[in-house]
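Structure assessment
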Amino acid sequence: MIPLRRSLIVKEHGRLPYPEGTACADVLIAGEKGGKLAQKVYYGVSLAFLYKVLMSVFGLWKSIPAYVFGRNSALPNATISGEITPELLGVGYIIGPRIAGIMVAGGVLSWFVLIPLITLLGSGLTSAFPPETTQLISQMSADDIWGRYIRYIGAGAVTFGGLFTLIKTLPTIVNAFSDSFKDLKESRSKSQTVTRMRTERDIPLVYVLVGSVALIVLMALIPKNLMPTNILSSIMIVIFGFFFVTVSSRIVGLIGSSSNPISGMTIATLMATSLIFVGIGWTGDVYQPIALVVGSIVCIASANAGATSQDLKTGYILGATPVKQQLGLIIGVLASTVAIGFTLTLLNNSIGIGVPTADHPHPLGAPQAILMSTVIKGLLSHNLPWGLVLTGMGISAVMELCGISSLAFAVGAYLPLSSTTPIFAGGVVKWLVDRKNKAKEAESDIGPGALFSSGLIAGGAITGIIIAILIGIKTGTGADGKSITLADMLNTGFGDGMGAWGDLIALGFFALLAAILYKFATGKREEGTLR
């Protein structure tokens, strides 16, 4: 992003608004009288913390109310559920009703159409249906069918949606590359004695190049004994990284960070890397982590590019010194790397991530991680169920032909319905707020509802880390030999022990949370405050 700053942030100032970066500049310019804007966020954080502690720590109501249709019903194995957390409600409010509606529509297709259809058609089979090799469809639950079949359909849908999104941005990509190289040539042709203005000083390009080469060498040396693979993967990281950093920055400049298709870019990188490996003949299990490293580094670079662009845009509007911003961003990346490493290790050891195990039967879903694993293993081992994958691609193609965002629909089809229904609820709240305020000016990115929703997201995430710590603290061993954690001791089990009434009570509390969000977003404003 350092050599791209002048091309994308400065020269494209009138064409690329970078909405979050501009909104942050507006907040700083306005001066935040009395800290009222931050106050709205803190309200959301506090309420999310209280709600999630009562629900997930003390277990006063269910965290995932659900209803599964019987195998003999008209919709066998159809499932409706909701992970009624404050953070997902806040996400739905921020992304809005259209995207939230498209996402939940994908979930409805998977859980109310495809799973019942597979259950009906497979009920009479006397042998396992590929890619499953042992279990009959008649013996499968809804979750089993999702894991054996729907997951691959969703993977195909997300892959097509991501690739199609990239294809639509090709003119933007070409223009960004052209401007970047042109700017580099101009900077080299100018005399080195010319003194740049404070607001035009970036980290010198020579430092950027030397640092990049040092990172390439480091990636080529780690891990050991795979030198040819590491060299090729390092080169691919540079090529894909620069390509998708440019794409990411341009996209967030137009539509904002929340709509940046990071998953699509990562899947495209993984597929390209895996296909190159297959062409060379590197198809053993040892090459799977190398392909994952390429995809993960490009994924992180693309995500950082979006956030970095917004920050640099804020600085450009306010007249900040770019070199100091860039040094601050480097420090921030290093600090977050350490924090995220410890956090993920804690979550994996206490709750589990991705695949259910005996110790962690209900891990964090990590749908993108499982999707990436599916793509890499399937391509490198030549056993990807292409029939299911192509079916998913066909579904995304139909969505595009209907003028609907295929990527949002595909993500909804891939995720568990429990993840998209609370997001849809947040979108409905945003729709109701917009209807009430339709005669007024549309709510901005720093409106009361958006700020309160941001607080819900932050509060829910922070509480999730606290819960992981409680789960990681062992207090003894039960009669069945399993460890008892501090979280087990605090959980009353009240919500889970109420049966169907527990589902209704949980939905009632979630509806109350949504009502508070609506009230907060539609409250009277005076000088930027909510009264």
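Residues numbered from 1 in each chain as written. Predicted model: local features only at pLDDT ≥ 70, side-chain atom pairs only at ≥ 80, totals over all residues. Heavy atoms only, no water.

**Considering the overall build of the protein chain**
Assigned secondary structure in the protein chain consists of 18 helices and 6 strands. Looking at the protein chain as a whole, 44% of its 531 residues qualify as buried. Just so you have it, the protein chain exposes about 26600 Å², and 68% of that area is on carbon and sulfur atoms. (Helix = DSSP H or I, 4+ residues; strand = E, 2+ residues; numbered from the N terminus. Buried < 20%, exposed > 50% of the residue type's maximum accessible area, 1.4 Å probe, protein only. Areas by Shrake-Rupley, 256 points an atom, 1.4 Å probe, with all protein chains shown as cover.)

**Quick notes on helix H11 (residues 322-350)**
Since one α-helical turn is 3.6 residues long, residues separated by three or four positions face the same way. With 29 residues, H11 extends 41 Å from end C-alpha to end C-alpha; this agrees with the ideal 42 Å at 1.5 Å per step. On its buried face, H11 sits against helix H1 (5-10), helix H10 (288-318) and helix H16 (448-472). A positive backbone phi angle near 95° is found at Gly352, which sits one or two residues after H11. (Expected span 1.5 Å × (residues − 1). Contact = heavy atoms within 4.5 Å.)

**Points about unusual backbone geometry**
Between Pro130 and Pro131 the backbone carries a cis peptide bond, its omega angle lying at 10°. Along the chain, Pro131 falls in the loop between helix H4 (86-122) and helix H5 (142-168). The backbone of Asn77 shows a phi angle near 70°, a positive value even though the residue is not glycine. Inspection of the secondary structure puts Asn77 in the loop between strand S1 (66-68) and strand S2 (79-81).

**A short note on the environment of Lys482**
As for its position among the elements, Lys482 is in the loop between strand S3 (474-477) and strand S4 (483-485). With relative accessibility at 55%, the residue Lys482 sits in the exposed group. Sequence separation of Lys482 and Asp359 is 123 residues, and the distance between their C-alpha atoms is 8.4 Å. Leaving out residues up to four positions away in the same chain, Lys482 has contacts with Gly476 and Thr477.

**Here's the deal with the packing of aromatic side chains**
For the structure shown, the criterion picks out 13 aromatic pairs. When the ring of Tyr43 is compared with that of Phe520, the centres are 5.7 Å apart and the planes differ by 70°; the resulting orientation is edge-to-face. In this pair, Tyr43 sits in helix H3 (residues 36-57) while Phe520 sits in helix H18 (residues 500-522), placing the two residues 477 residues apart along the sequence. For Phe520, a relative accessible area of 11% corresponds to the buried category. (Phe/Tyr/Trp six-rings, centres within 6.5 Å; stacked < 30°, edge-to-face > 60°.)

**Some details on the nonpolar core**
Of all hydrophobic cores here, the largest spans 41 residues; its most connected members are Ile115, Ile145, Tyr149, Ile150, Val158 and Leu371. Mapped onto this core, the elements with two or more residues apiece are H4, H5, helix H9 (262-280), helix H12 (367-381), helix H13 (386-401), helix H14 (406-414) and helix H15 (417-436). For this core, the leading source of residues is H5, giving 10 residues. Residue contacts for Leu371: discarding those within four places in its chain leaves Ala155, Val158, Ile267 and Tyr414. (Core = buried A, V, L, I, M, F, W, Y, C linked by side-chain atoms within 4.5 Å.)

**Remarks on the confidence of the model for the protein chain**
The predicted coordinates ought not to be read in detail in places where the model reports low pLDDT. Predicted confidence across the protein chain gives a mean pLDDT of 82, with 87% of residues reaching 70 or more. Across the protein chain, the secondary-structure element scoring lowest on mean pLDDT is strand S6 (residues 529-530), at 40, and the one scoring highest is H18, at 92. (pLDDT = per-residue confidence, 0-100.)

**Some points on the environment of Pro131**
Of the residues examined, Pro131 reaches a relative accessible area of 33% and is grouped as partly exposed. A C-alpha to C-alpha distance of 6.5 Å links Pro131 and Pro385, two positions 254 residues apart in sequence.

**Here we look at empty space enclosed by the protein**
Tallying each qualifying case throughout the model produces 1 cavity of 30 Å³ or more. Its volume calculated, the largest cavity comes out at about 80 Å³. Every residue lining the largest cavity is listed: Ala155, Gly156, Thr159, Met271, Thr374, Val375, Leu384, Trp386, Val389 and Met393. Of all the elements in the fold, those that place two or more residues in the lining of the largest cavity are H5, H12 and H13. Residues of the lining of the largest cavity, tallied by class, amount to 7 nonpolar, 3 polar and no charged. (1 Å grid on protein atoms, 1.4 Å probe; cavity = no way out; pocket = protein on both sides within 12 Å on 5 of 7 lines; lining within 4 Å. Points joined across faces, edges and corners; volume = space filled by probe spheres on them. Nonpolar A, V, L, I, M, F, W, Y, C, P; charged D, E, K, R; others polar.)

**With respect to the packing of H10 against H11**
Running from N to C, H10 and H11 cross one another at 145°; their axes reach a closest spacing of 11 Å. For the pair H10 and H11, the crossing hand works out as right-handed. In this structure, H10 contributes Asn304, Thr308, Asp311, Leu312 and Gly315 to the contact, and H11 contributes Gln325, Gln326, Leu329 and Val333. Tallied by class, residues from the contact of H10 with H11 come to 3 nonpolar, 5 polar and 1 charged. (Axes fitted to C-alpha atoms, helices over the stretch in contact; angles between N-to-C directions. Left-handed = near helix turned anticlockwise from the far one by under 90°.)

**Description of the pattern of salt bridges**
A side chain with one charge may pair with a side chain of the opposite charge, provided their charged atoms come close. Scanning the model with the defined rule gives 6 salt bridges in all. Between Arg5 and Asp202 there is a salt bridge; the shortest N-O distance is 2.5 Å. Of this pair, Arg5 sits in helix H1 while Asp202 sits in the loop between helix H6 (170-189) and helix H7 (205-221); the two residues are 197 residues apart in sequence, bridging distant segments of the chain. Residue classification places Arg5 among the buried residues on the basis of a relative accessible area of 3%. The shortest N-O distance in the salt bridge between Asp434 and Lys430 comes to 2.9 Å. (Salt bridge = Lys/Arg side-chain N within 4 Å of Asp/Glu carboxyl O.)

**With respect to H12**
Taking 1.5 Å of rise per residue, 15 residues should cover 21 Å, and H12 covers 21 Å from first to last C-alpha, within 8% of that figure. Pro367, Ile370, Leu371, Met372, Thr374, Val375, Ile376, Gly378, Leu379 and Leu380 are the residues of H12 that are buried.

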